[in-house]
Amino acid sequence: MTHEFVAKVRWGCVALIAVGIACLPFLSNGIFFPEGQFIADLILSLLLAATAGSAALVPRVRTWLFEGEALRYGDLAMALLVLLYAVSLFYPADTALAVPGVFDYVGMLFVFFALRLAALRKIFGPGMALGFALASLPVNVIGLANGWGQLRYPYATELNPSGQIQIASVFQYHNAFGAFAASVAIGLIVWSAKSSKAFVWRIAALAVAGLNVTGLLASGSRGALAIWVLVMILAALGMRDDECLAKHARNRFIGGAYVAVSGGVIGDIFVHHAISHHAPVDGWVGMVLAVVLPLALGCVWWALRDRLAAFPPSRSLGLLLAVGILAGAVGGLLKHHAIAQKLASYQVHQLSVSQRFIFWRDGLRILARNPITGNGYGAWQAMYMRVQSYTYYTTQSHSFAIDTLLNVGSIGLLALVALVVPMFHQMIWPRVKGVRMNAVDWALVAAGWMAFCHSLMDWDMAFLYLLMLFFAGAGVAAAMTKPLSVRVPRGRTLASGVVGAAAIATAVECSLGLMALYDAKIAGSTAPSLAVSWYLKAYAYAPYNEIDLANAATALLESGNTPPNRVTAAAWLEKAEQQAPYSPTLAANYASLAYQLGNYQDAYEQAQIAEQNAPYWPANMSLALSAGVVDALHEASINPTAAKSVLIRVVQLYGEAKEIQAHLASLPSYLPPEVPYQLNEFSVVSVAAAYDLLGQNQEAIALAQGAVSSPDRHTREVAQIIVLAASHQNRELAQFVKEHPDVQSSYELFMGAKRALSVQ
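A. Main features of the overall build of the chain. Secondary structure summary: the chain contains 33 helices and two strands in total. Dimensions of the chain, computed from the C-alpha atoms along their principal axes, are close to 110 × 65 × 45 Å. Per-residue burial over the chain gives 54% buried out of 760 residues. If you take every contact in the chain between residues at least 6 apart in sequence, the share linking residues at least 24 apart comes to 71%.

Structure follows, in structure tokens:
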């Protein structure tokens, strides 16, 4: 086999990897939705299974992969992180979230070690770097064009609270798009500074970086922009020459940054005008300028290369800094209004900023459930309503570090830190001697480092594409750390076998997950009578997904709300609730079913669970109040003591509701509750009944009188009964019930409970 043939095969693999990476962000919107995640995880787990299995079974492959390699801290950290996610399946906050999360991290094992092992990095490094750069072109074009209404793509734009368009592109979230554009931009600028390739390739990289800078500015992500500027400054400080790569890297980095930013800023001016004035021509001109201007500046740079080379590096650095200061001053004078407006938008009391601190503080309350090894993937989404300090709705904690802490505990966070520290070290204070990183390696570390920095304050890593970018950079950085002296006989064979088996199992489960999604999709578009079997089939393929079982229960009741169906549906909901014990929705649905079945005690218990899992959502509190009183009314004749205890608890719950209302009323104006905390009128009437049954007549009258004019007839009539009963107007009460026979059963139940409790 000739070297030429091997080289052709290698570059063919690089091209194939680049195409795959370039196409991947268009799979299910940045690989955010379940179907896209399953497909991506399936591909990665198959690659991992093939690689690890070959290493375990074929000595030649094992030698090729591990020759010259030694164990490093990063290897242990990555293995520990994946192991913690796998172990958390024994105590997850929600199995429907935890199991696919494990699939994601098993897939990330391949991404990490494809860049960690030198043999694979020679292929996957250039392929992935080229793929991310190529992907940024259509990602930016689609996002920007959607801003002025062309190239329609789902979720490609957002509106901020003031009505301005924000670019989200394939990531459906403008901050994630901004983080991606910023990561690719810094990666390309670093590559251009470190590369010894021909000048034309380095300038082409800066041209693509210019388009990404335009995307970053147009995204409207203030956080991504601020973090990118900070990371660029730190990267410039850490940029050093070494014997392996081109000289004067810092000067080349700063010069390349100027070139890319010039194109990006000019492009953004036109793109911003196109979006605000619906002028497509201006937008396309802006995108062209974002690419062409860096090319033109690069040509000037190339023409002056001999004269520039005559300057000493220190003098060149001084001139570059002077040019940057001068350009910044001129730009500041010309755009001082826009700059002042942008700076004024960075406010601590702004909703999107202040909420993040609240999310992180509330998240620490979730950690208390299991602070050492966490609560499984998706812990925040499963439990945030239970711990939130006021009414907000977000399925993301807005921090990768917080998510890791909640998912896999303090041990998992330490493993993440062990992966991040080498990236920080290489970018900010690199070891020059002994480092054997090429320009592509530096670019991947820089891009992954930028993605991580922004993810500390946002939910970028919920997109599998950005998670891959981070672990690619982490793998490269881990390869540059000092090896450990630990030697385990046959450890590589055993580890490869275990990883291969885990990857095969993951691939099988991902395939079943895809089949389950397909069946659930069919169920959602068919009649309820047919949907039941489809949902049950989906649950059989993915028995960790309690949502399919809960949907089957709903469809069963929609097909026929008969007593047998209600019993079956209640059993299914009970099983689903065991898999998602912190779900307020499942508990509330179970409570309603139990009520229909006449199991009033179960209905009250489930309603309390729903309230405990989401105390700041008034519907759950209303359900608990009404269910408690109904349970007490039916229990009073059998066990007055137990009924009285329930009524006392109802009054306590109502007191808690008033405290919640007072707390929400005291919130500052920049933290408005997403749902006003207002109990439904029937639940208030139920509390009034509880007060009367406990002998607190004045409180009962005060509450019930507020509902006597309710638009709901039943609520209005029951409120009138309580007012008359609490006022001891027995004659008027009898007359009222005679005139309103539809409340006869409620009246008899209430009066029977009142007599039973008065005898106690």
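Moving on from the coordinates now.
B. Quick look at the side chain of Ser-683. Here Ser-683 shows up in helix 29 (residues 681–693). Judged by relative accessible area, which is 0%, Ser-683 ranks as buried. The residues contacting Ser-683, other than those within four sequence positions of it, are Ser-622, Leu-625 and Ser-626.

C. Representation of a nonpolar patch on the surface in the model. A cluster of nonpolar residues, Val-265, Ile-266, Ile-269, Phe-270, Val-281 and Val-285, forms a patch on the protein surface that exposes about 440 Å² of accessible area. Breaking the nonpolar patch down by element, the ones donating at least two residues are helix 11 (249–277) and helix 12 (280–303). Among the elements that take part in the nonpolar patch, helix 11 stands out by supplying four residues, more than any other. Mapped onto the fold, Phe-270 is located in helix 11.

D. Fine view of unusual backbone geometry. The phi dihedral of Asn-29 falls on the positive side, at around 50°, and the residue is not glycine. Residue position: Asn-29 is located in helix 2 (residues 28–31). The exposure class of Asn-29 is buried, given its relative accessible area of 8%. Unlike most non-glycine residues, His-398 shows phi in positive territory, near 65°. Along the chain, His-398 turns up in the loop between helix 17 (379–387) and helix 18 (400–428). Assessed through its relative accessible area of 9%, His-398 is described here as buried.

E. Local environment of the pattern of salt bridges. Here the structure, examined in full by the defined rule, presents 10 salt bridges. As a salt-bridge pair, Lys-521 and Glu-35 come within 3.6 Å of each other at their nearest N and O atoms. Placement of the pair is Lys-521 in helix 21 (residues 491–524) and Glu-35 in helix 3 (residues 34–57), with a sequence separation of 486 residues. With a shortest N-O distance of 3.2 Å, Glu-656 and Arg-649 are connected by a salt bridge.

F. Structural detail: the packing of helix 29 against helix 31 (residues 713–726). Where helix 29 contacts helix 31, the axes come no closer than 10 Å and their chain directions differ by 20°. Classified by the interaxial angle, the pair formed by helix 29 and helix 31 is roughly parallel. Judged by the sense of rotation from one axis to the other, the crossing of helix 29 with helix 31 is left-handed. Residues Glu-681, Phe-682, Val-685, Ala-688, Ala-689 and Asp-692 of helix 29 form the contact with helix 31, whose participating residues are His-714, Thr-715, Val-718, Ala-719, Ile-722, Ala-725 and Ala-726. Among the residues making up the contact of helix 29 with helix 31, the classes are represented as nine nonpolar, two polar and two charged.

G. Representation of the side chain of Asp-75. Looking at the secondary structure, you find Asp-75 in helix 5 (residues 73–87). Dropping the residues within four chain positions of it, Asp-75 is found in contact with Ala-70, Phe-112, Phe-113 and Arg-116.

H. Geometry of the nonpolar core. In this structure, Met-128, Phe-171, Trp-228, Phe-253, Phe-470 and Phe-471 are the most contacted members of the largest nonpolar core, which totals 136 residues. The biggest single contributor to this core is helix 20 (residues 464–479), with 14 residues. Apart from the residues lying within four places of it in its own chain, the contact partners of Phe-171 are Gly-30, Val-139, Ala-176, Phe-177, Phe-180, Phe-463, Tyr-465 and Leu-466. Judged by nonpolar contacts, the second largest core, of 79 residues, contains Tyr-390, Tyr-392, Ile-402 and Val-651.

I. Layout of the environment of Pro-676. Structurally, Pro-676 can be placed in the loop between helix 28 (640–665) and helix 29. Once the C-alpha coordinates of Pro-676 and Gly-376 are considered, the two residues, 300 residues apart in sequence, prove to be 31 Å apart.

J. Spotlight on the packing of helix 22 (residues 528–541) against helix 23 (residues 546–559). Running from amino to carboxyl end, helix 22 crosses helix 23 at an angle of 165°, the nearest separation of the two axes being 8 Å. Here helix 23 runs roughly antiparallel to helix 22, going by the angle between their axes. Two packed elements cross with a definite hand, and for helix 22 against helix 23 that hand is left-handed. Along the contact surface, helix 22 presents Pro-528, Ser-529, Ala-531, Val-532, Tyr-535, Leu-536, Ala-538 and Tyr-539, while helix 23 presents Glu-546, Asp-548, Leu-549, Asn-551, Ala-552, Ala-555, Leu-556, Glu-558 and Ser-559. Grouping the amino acids of the contact of helix 22 with helix 23 by side-chain chemistry returns 11 nonpolar, three polar and three charged.

K. Fine view of helix 1 (residues 3–23). The end-to-end C-alpha separation of helix 1 is 30 Å, in line with the 30 Å expected for 21 residues at 1.5 Å each. Considered for burial, the residues of helix 1 that qualify are Val-14, Ile-17, Ala-18, Ile-21 and Ala-22. Down the axis of helix 1, the sector holding all buried residues measures 130°, keeping them to one side. Within helix 1, the exposed residues directed more than 90 degrees away from the buried face are Lys-8 and Leu-16. Buried residues along helix 1 sit in contact with helix 7 (118–147) and helix 20.

L. Inspection of the packing of aromatic side chains at higher detail. On inspection of all chains with the given rule, the structure shows 36 aromatic pairs. Ring plane angle 35° and centroid distance 5.0 Å describe the contact between Phe-32 and Phe-463, whose orientation is recorded as tilted. Taken as a pair, Phe-32 in the loop between helix 2 and helix 3 and Phe-463 in the loop between helix 19 (439–455) and helix 20 lie far apart in primary sequence, 431 residues in all. With a centroid separation of 5.8 Å and an interplanar angle of 75°, the aromatic rings of Trp-148 and Trp-284 are classed as edge-to-face. Placement of the pair is Trp-148 in the loop between helix 7 and strand 1 (157–159) and Trp-284 in helix 12, with a sequence separation of 136 residues. Its relative accessible area of 6% is what places Trp-148 among the buried residues. A relative accessible area of 33% means that Trp-284 is categorised as partly exposed. Taken together, Phe-32, Phe-33, Phe-132, Tyr-155, Phe-171, Tyr-173, Phe-180, Trp-459, Phe-463 and Tyr-465 form an aromatic cluster joined through their ring pairs. A cation over a ring is seen here: Arg-10 above Trp-11, with NZ or CZ 5.1 Å from the ring centre. Positioned above the aromatic ring of Trp-442, the side-chain terminus of Lys-194 is 4.3 Å from the ring centre.

M. Just the state of the cysteines, in detail. Within the structure shown, the criterion is met by zero disulfides. As a non-bridged cysteine, Cys-510 has Cys-23 as the owner of its nearest cysteine sulfur, 20 Å distant. Residue Cys-510 is classed as buried on the basis of its relative accessible area of 0%.

N. Molecular detail of the environment of Phe-112. Topologically, Phe-112 is positioned in helix 6 (residues 95–116). Note on Phe-112: relative accessible area 0%, which makes it buried. In sequence terms Phe-112 and Asp-75 are 37 residues apart; their C-alpha atoms lie 8.9 Å from each other. Apart from the residues lying within four places of it in its own chain, the contact partners of Phe-112 are Gly-74, Asp-75, Met-78, Leu-419, Phe-471, Ala-474, Gly-475 and Ala-478.

O. Local environment of the environment of Val-292. Secondary-structure assignment places Val-292 in helix 12. The spacing of Val-292 and Gln-426 is 134 residues in sequence and 32 Å in space, taken between C-alpha atoms.

Cut-offs and rules
Residues numbered from 1 in each chain as written. Predicted model: local features only at pLDDT ≥ 70, side-chain atom pairs only at ≥ 80, totals over all residues. Heavy atoms only, no water. Helix = DSSP H or I, 4+ residues; strand = E, 2+ residues; numbered from the N terminus. Buried < 20%, exposed > 50% of the residue type's maximum accessible area, 1.4 Å probe, protein only. Contact = heavy atoms within 4.5 Å. Patch = residues over 30% accessible without salt bridge, like charges linked within 9 Å, V, L, I, M, F, W, Y side chains within 5 Å. Areas by Shrake-Rupley, 256 points an atom, 1.4 Å probe, with all protein chains shown as cover. Salt bridge = Lys/Arg side-chain N within 4 Å of Asp/Glu carboxyl O. Axes fitted to C-alpha atoms, helices over the stretch in contact; angles between N-to-C directions. Parallel < 35°, antiparallel > 145°, perpendicular 65-115°, else oblique. Left-handed = near helix turned anticlockwise from the far one by under 90°. Nonpolar A, V, L, I, M, F, W, Y, C, P; charged D, E, K, R; others polar. Core = buried A, V, L, I, M, F, W, Y, C linked by side-chain atoms within 4.5 Å. Expected span 1.5 Å × (residues − 1). Arc of directions from axis to C-beta. Phe/Tyr/Trp six-rings, centres within 6.5 Å; stacked < 30°, edge-to-face > 60°. Lys NZ or Arg CZ within 6 Å of the ring centre and 35° of its normal. Disulfide = S-S within 2.5 Å.

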